[in-house]
2 protein chains.
Amino acid sequence: MITNQKKTILDYLKGVDIHPSAEIIYGEVRKKLPQISRGTVYRNLKDLKKRGEIQEISVDVAHFDGDISSHAHFICKQCRKIFDIFDICKECGVLNRKKTKVGKINNYQISFYGYCQKCNGGKSQLPRLS
Amino acid sequence: MITNQKKTILDYLKGVDIHPSAEIIYGEVRKKLPQISRGTVYRNLKDLKKRGEIQEISVDVAHFDGDISSHAHFICKQCRKIFDIFDICKECGVLNRKKTKVGKINNYQISFYGYCQKCNGGKSQLPRLS
DNA sequence: ATCGGTGCAAATCCTTTGCATTTCC
DNA sequence: GGAAATGCAAAGGATTTGCACCGAT
């Protein structure tokens, strides 16, 4: 069933290039449907994900991405922002695989971790344990 | 500081090839240190992760992997088990990258999603929204 | 009339944290 | 001896769920 609430959430996600959390989505969608509840947002996000319309990226809390095309994410270890990386996945043999020994691949997720330009690097790295 | 608790947790994780949750780790470590608390387990897991001694994989709840070598994970969409995929990442140009436009890559994580042998495929797939 | 979706609020459950105490160098 | 880690229990916070109601077929 495609309700107004679900459509509004999906439209919002398809229309932005950020990767909002459920709470952000709730806030944005509420601008159009002021009476929508968090429960409904969570239920619809879960359903949309199950259908493969959106993907979920776990960075501290769940974030959502309306873009399900082949791309990777770069996650800044400091500011926790999620960046899209499009140019990488085309030619890669690994990522064009359809199956592994374990089973058929339905979809994949690649996350690179590091420091973005702004938070750039000087960041102290903890020493390994002796 | 390297305490007995931290060492026991790390040893446990390095010694298994599963990807236990904090709760499982707590249960296992408690066999050797019956008085250890969940708080300590969580604190140490967080610290070990920050030091790069272990990695965290988010599948429903946090799971932990004592193997930080280059490998991917296959996550069964039904039974939620996490499988290691070692043979893929060696030759791949993408995964040997050290940087992206966004910033230097510190580490990465690849997750393939699908159904494992046991849960194998026949599983009904929900239709996309019209 | 029925069935699924919603809103609301309470419940759940994973994870974090404050604090007094203990451990480790 | 003193900084850092622990155990305990309570707090926090994201997500889920029960239930009465509503809306579409």
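Residues numbered from 1 in each chain as written. Chains lettered and ligands numbered in written order. Predicted model: local features only at pLDDT ≥ 70, side-chain atom pairs only at ≥ 80, totals over all residues. Heavy atoms only, no water.

**Thoughts on the relation of the copies chain A and chain B**
Part 1 of the argument: Laying chain A over chain B is done by rotating through 180° and shifting 0.0 Å along the axis; what remains is an RMSD of 0.1 Å. The operation mapping one copy onto its partner corresponds to a two-fold rotation axis. Taking the C-alpha atom as reference, chain A places Ile110 of chain A closest to the rotation axis, 2.3 Å from it.
Part 2 of the argument: When the interface residues of chain A are mapped onto chain B, 100% of them again lie at the interface, so the same face is used by both copies. (Least-squares fit on C-alpha atoms with pLDDT ≥ 70 in both. Contact = heavy atoms within 4.5 Å.)

**Points about unusual backbone geometry**
All names here are of chain B.
Part 1 of the argument: One non-glycine residue with positive phi stands out, namely Asp60, at about 70°.
Part 2 of the argument: The phi torsion at Arg80 lies on the positive side, around 70°, for a residue other than glycine.
Part 3 of the argument: In this fold, Arg80 is placed in the loop between strand 3 (72-76) and strand 4 (82-85). (Helix = DSSP H or I, 4+ residues; strand = E, 2+ residues; numbered from the N terminus.)

**A word on the domain arrangement of chain A**
Residues and elements named next belong to chain A.
Part 1 of the argument: By domain assignment, chain A separates into domain 1 (4-65) and domain 2 (69-130).
Part 2 of the argument: At the junction of the two partners, domain 1 supplies nine residues and domain 2 supplies seven residues.
Part 3 of the argument: With both sides pooled, the region where domain 1 packs onto domain 2 buries about 750 Å², and carbon together with sulfur makes up 48% of that total.
Part 4 of the argument: Three residues stand out in domain 1 for area buried against domain 2, namely His19, Gln55 and Val59, and they jointly supply 52% of the buried area on that side. (Domains from an automatic or database assignment. Buried area = accessible area lost by both parts, 1.4 Å probe.)

**Some thoughts on the protein's contact with DNA strand D**
Part 1 of the argument: Near DNA strand D lie 16 residues; those nearest to it are Tyr42 and Lys46 of chain A together with Thr3, Thr40 and Arg43 of chain B.
Part 2 of the argument: Restricting the count to atoms of DNA strand D within 4 Å of the protein gives a sugar and phosphate share of 72%.
Part 3 of the argument: Gln35 of chain B has a polar backbone atom sitting 3.3 Å from a sugar or linking oxygen of DNA strand D.
Part 4 of the argument: Every element with two or more residues in the surface near DNA strand D is listed here: helix 3 (38-50) and strand 2 (61-65) of chain A together with helix 3 (38-50) of chain B.
Part 5 of the argument: Among the residues forming the surface near DNA strand D, the class breakdown is six nonpolar, seven polar and three charged. (Near = heavy atom within 4 Å. Polar contact = N/O pair within 3.5 Å; in protein donor to acceptor, adjacent residues only side chain to side chain. Nonpolar A, V, L, I, M, F, W, Y, C, P; charged D, E, K, R; others polar.)

**Comments concerning the interface of chain A and chain B**
Part 1 of the argument: Taken together, the 44 residues of chain A in the interface contact 44 residues of chain B.
Part 2 of the argument: The junction of chain A with chain B conceals about 3900 Å² of combined surface from both sides, 58% of it contributed by carbon and sulfur atoms.
Part 3 of the argument: Between the two partners, chain A and chain B, sit two salt bridges.
Part 4 of the argument: Summed over the shared surface of chain A and chain B, the result is 14 residue pairs in polar contact (both at pLDDT 80 or more).
Part 5 of the argument: With 10 residues, strand 5 (residues 105-114) of chain A is the single largest residue contributor to the side of chain A that touches chain B.
Part 6 of the argument: Considering only residue class, the side of chain A that touches chain B consists of 22 nonpolar, 11 polar and 11 charged. (Salt bridge = Lys/Arg side-chain N within 4 Å of Asp/Glu carboxyl O.)

**Regarding the side chain of Thr8 of chain A**
Part 1 of the argument: When you line up the elements, Thr8 of chain A lands in helix 1 (residues 4-15).
Part 2 of the argument: With sequence-adjacent residues up to four places away left out, Thr8 of chain A is seen in contact with Val29, Lys32 and Leu33 of chain A.

**Focus on the sheet that holds strand 4 of chain B**
Part 1 of the argument: Within the open sheet, the six strands sit side by side as 4(A)-3(A)-5(A)-5(B)-3(B)-4(B). Their pairing is mixed. Whereas interior strands pair on both sides, the edge strands pair on one side only; in this sheet they are strand 4 (82-85) of chain A together with strand 4 of chain B. Across this sheet, the average inter-strand angle for adjacent strands is 25°, counted without regard to direction.
Part 2 of the argument: The pairing of strand 3 of chain B with strand 5 (residues 105-114) of chain B spans four bridges and is parallel. Bridging across to strand 5 of chain B, Cys76 of chain B finds its partner in Gly114 of chain B. (Pairing = 2+ DSSP bridges. Axes fitted to C-alpha atoms, helices over the stretch in contact; angles between N-to-C directions.)

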